[in-house]
Structures are given as structure tokens and as C-alpha cells.
Amino acid sequence: MARNGDSLAYEMKVAALGEKSRNPNQSITDRDTIHSYKSSINRFCAWAKEEGYSKEQILANPKEHLQEYTNHLKEEGLSNSTIHTYIAAPCKGLGMPMQHISKPERSANDITRSRGGRNPQGQREMQDSRFERLVAFQEVTGLRRAELKDLKGEDLRIKDGKMYVIAQQGKGGKEQWQRILPKDTETVQRTFDGIKKDQHVFDDKEMKNKIDLHGLRAEHAKECYDYYMERIKQDPAYREQLREELQQYFRDHHSHNGELDTRAYERFCDDMNKNEGVYQMRGKTRELAEEHERPTDYDRVALMAVSVEHLAHWRLDVTVINYLI
């Protein structure tokens, strides 16, 4: 971080990353997220300097300048998704909720990652025996690349009869429990066999590749949704059981210092009940799903299970747009 404690960039980075927060859960520790936030704030501050705005002017009216910056990014021809990425950290650094800024809406059409077959090297490496173990594991866990790289022998757990792989530094730097489907436990156990507690599961040579790990993550998400829906179809009562499991999962993972964030918990529960429990895709997102012959309506409880226990996103729209279409 910049050493100039009086600079706008410094103050914004401290605020965005939560480095002076008394609550450690408010701090961001994930390295990729930190790098992304710092870059976005530097980009915003460079724009402000070029436009001749002082630190005092920005702090006096952050909404006005953030809106102008957003308009500038749009005029530059950046994608809707990139604009969202570029303004997220500046908004947080200036204490301005993103919903207060008028910006182009993101849709599934903006997502290009893992689509279009533009990665011939990665496709070749998918078939390479050197990466067979990594690919087999990713197909049944769907972890992020950084999480796979950091995974150690101690990160395999069994709780209440279910198998989990623990990402110690998951999204936002938080510990993440990745649930393993019953049919996949043997593959996961075999991958961990012989790995010492403090030993990395995958070495540097295995992780040095161009394999589309996000694509495998998306395919796994689809399998997980199908798994939950099949169980609900076979036993309708399982839907309520799954809902209760998810509510307990939330309480276990969102009770900081023993205190449950009741408002967040209520929103979480309400999200599974909206629209009589059905998540309906609309507009261009629905058209894209139809084009790919994917479902356009989803069971909210099954969808939340995928989002929370297999992707660690906690948001149904992100899960559908990025993984299920």
C-alpha cells in the first residue's frame, strides 16, 4: 500500500480493505482481491488527478465523482461487467453503496469466461496425464484456482456424515467449507491419500497450466443442482430438510463472536421463499439460457444449496448467470 498516509489512494485502500477495522471479519485478506481492489482504486485516483480533482473535492462529494467516473468508463467502451469491477473498490473506499451509482446492468451476455472454445492449450492439457489428478479432483469439487493451489492435507473434513474440502482462504479471504456430493467422496479421498497435513495437495508443476478450471467449476455446479433436484423429486420432504440444513450452515458461518447477524439471516431465508420458491430468469439472461437449452426456472432451495455449499457465492443471480447457463 502507498506510504503517503495523506493521499486519497491511501485512505481509500484502508477503507476498502478494512485494515483499520476492529472486527477482523471486515478485513479482506485474499491476495487476488487485495490486488484487484488496489488496482481499481489506483485507476480511479489517476482519473481524478487527470481531471484536476483534489482529494478534498472527491471526499466532499463522492457520489458525484463516482458517477462521473462510471460514465467515463462507459464512454471508453468497457463491458458492463468490467465497469462493475472497476467501480466496486472505489465505491467501498469512499463509503458509497454501489446501488447509489447509476451503471449499466450486467447480464449473462457479458460473461465470456469459459465460453467460446478460445483456449486450445488448456484443452490439450485437459487430456495430458500430468494433470489427470488435478482435473479429476476439480470435476468433483469446483474450487477456484487459488484455492486449489493453497489446499493442504489437513483440509479434508467429515462433519455430520458429510465430506467437506476446506478452502482456508476462500472468497474474500474467509474460510470456506466446500461440500462433496456422496458419489464423489471416493475421488476426493483418493486425492488426499498420502498427503501430509502440512503438505500441499497439488504441487507447482500440477498448477502450472492453462486448463479452464472455471469451466470445470461451472459444470460441477450444474451437476450439484441436478443432484439436489433429483433428491427433491424422489422425496419432496427433502426440500424442507435441505432448507433447514442451509439455515444451520448460515448460522454456523455468520455468527461472529457468537452473535448472529439477524438481518442478514432473515434476508437469506427470505431469498429461498420468494416467488413461491421459484427463481425465474428474465430478459436477455432467459434468452441465453433457452439458446443453450438450459433451464429458465430454478428451485430456490436447491439453487441456494449450490450457491452456498459448492460455490461460496451466497447469491442466486451470480450462481445462475456465471455457472448454470
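Everything below is about the structure printed above this text.
Looking only at helices and strands, the protein chain has 16 helices and seven strands in total. In the protein chain, which comprises 325 residues, the proportion classed as buried is 45%. The long-range share in the protein chain, meaning contacts at least 24 apart out of those at least 6 apart in sequence, stands at 64%. When the accessible surface of the protein chain is split by element, carbon and sulfur atoms take 44% of a total near 18,100 Å².

With respect to the helices and strands, Gln138 occurs in helix α7 (residues 132-141). Ignoring anything within four residues of it in the chain, the contact list for Gln138 reads Leu143, Leu148, Leu213, Leu216 and Arg217.

Now for the environment of Thr319. Positionally, Thr319 belongs in helix α16 (residues 316-324). The exposure class assigned to Thr319 is buried, which follows from its relative accessible area of 0%. Sequence spacing of Thr319 and Ser307 is twelve residues, and the spatial spacing of their C-alpha atoms is 5.8 Å. Among residues more than four places away in sequence, those in contact with Thr319 are Leu303, Val306, Ser307, Leu311, His313 and Leu324.

For the rest of this paragraph, the subject is the nonpolar core. Counting 39 residues, the largest nonpolar core has Tyr228, Leu246, Phe268, Tyr298, Leu303 and Val320 as the members making the most contacts within it. Broken down by secondary-structure element, the contributors of at least two residues to this core are β2 (162-167), α11 (213-234), α12 (238-253), α13 (262-277), α14 (283-291), α15 (300-309) and α16. Not counting the four nearest positions on each side in its chain, Leu246 is found in contact with Phe268, Met272, Val301, Met304, Ala305, Val308 and Glu309. Membership of the second largest hydrophobic core comes to 22 residues, among which are Leu8, Ile41, Phe44 and Leu73.

A few words on the packing of aromatic side chains. Within this structure, the stated rule accounts for 14 aromatic pairs. When the ring of Tyr225 is compared with that of Tyr298, the centres are 4.9 Å apart and the planes differ by 70°; the resulting orientation is edge-to-face. With a gap of 73 residues between them, Tyr225 in helix α11 and Tyr298 in strand β7 (residues 297-299) connect regions that are remote in the sequence. Take Tyr225 and Tyr298: they sit in the same class, and that class is buried. Ring centres 5.7 Å apart and planes at 80° place the aromatic pair Phe250 and Trp314 in the edge-to-face group. On the criterion of sequence distance, the pair formed by Phe250 in helix α12 and Trp314 in the loop between α15 and α16 is long-range, its members being 64 residues apart. Residue classification places Phe250 among the buried residues on the basis of a relative accessible area of 4%.

Closest axis-to-axis distance for the α7/helix α9 (residues 185-192) pair is 9 Å, and the angle between their directions is 140°. One element, α7, and the other, α9, form an angle in the oblique class. Crossing angle aside, the handedness with which α7 passes α9 is left-handed. Within the contact between the two elements, α7 uses Arg133, Ala136, Phe137, Val140 and Thr141 and α9 uses Thr187, Val188, Thr191 and Phe192.

Tracing the backbone through its elements, the reader meets Met98 in the loop between α5 (80-93) and α6 (120-126). Taking C-alpha positions, Met98 is 9.6 Å from Lys63, a pair spaced 35 residues apart along the chain.

A full pass over the atoms with the stated rule returns one cavity of 30 Å³ or more. Of the pockets and cavities examined, the largest cavity occupies roughly 50 Å³. Glu147, Asp150, Leu151, Asp155, Ile166, Ala167, Gln168 and Gln169 are the residues that line the largest cavity. At the level of elements, α8 (145-150) and β2 are the ones that each hand at least two residues to the lining of the largest cavity.

Right, let's talk about the packing of α12 against α15 for a bit. Orientation of α12 relative to α15, taken along the N-to-C sense of each, is 35°, at an axis distance of 10 Å. Along this stretch, α12 crosses α15, giving a crossing that reads as left-handed. Here Arg239, Leu242, Arg243, Leu246 and Tyr249 of α12 lie close against α15, whose contacting residues are Arg300, Val301, Ala302, Met304, Ala305, Val308 and Glu309. Among the residues making up the contact of α12 with α15, the classes are represented as eight nonpolar, no polar and four charged.

How each quantity is defined
- Residues numbered from 1 in each chain as written.
- Predicted model: local features only at pLDDT ≥ 70, side-chain atom pairs only at ≥ 80, totals over all residues.
- Heavy atoms only, no water.
- Helix = DSSP H or I, 4+ residues; strand = E, 2+ residues; numbered from the N terminus.
- Buried < 20%, exposed > 50% of the residue type's maximum accessible area, 1.4 Å probe, protein only.
- Contact = heavy atoms within 4.5 Å.
- Areas by Shrake-Rupley, 256 points an atom, 1.4 Å probe, with all protein chains shown as cover.
- Core = buried A, V, L, I, M, F, W, Y, C linked by side-chain atoms within 4.5 Å.
- Phe/Tyr/Trp six-rings, centres within 6.5 Å; stacked < 30°, edge-to-face > 60°.
- Axes fitted to C-alpha atoms, helices over the stretch in contact; angles between N-to-C directions.
- Parallel < 35°, antiparallel > 145°, perpendicular 65-115°, else oblique.
- Left-handed = near helix turned anticlockwise from the far one by under 90°.
- 1 Å grid on protein atoms, 1.4 Å probe; cavity = no way out; pocket = protein on both sides within 12 Å on 5 of 7 lines; lining within 4 Å.
- Points joined across faces, edges and corners; volume = space filled by probe spheres on them.
- Nonpolar A, V, L, I, M, F, W, Y, C, P; charged D, E, K, R; others polar.

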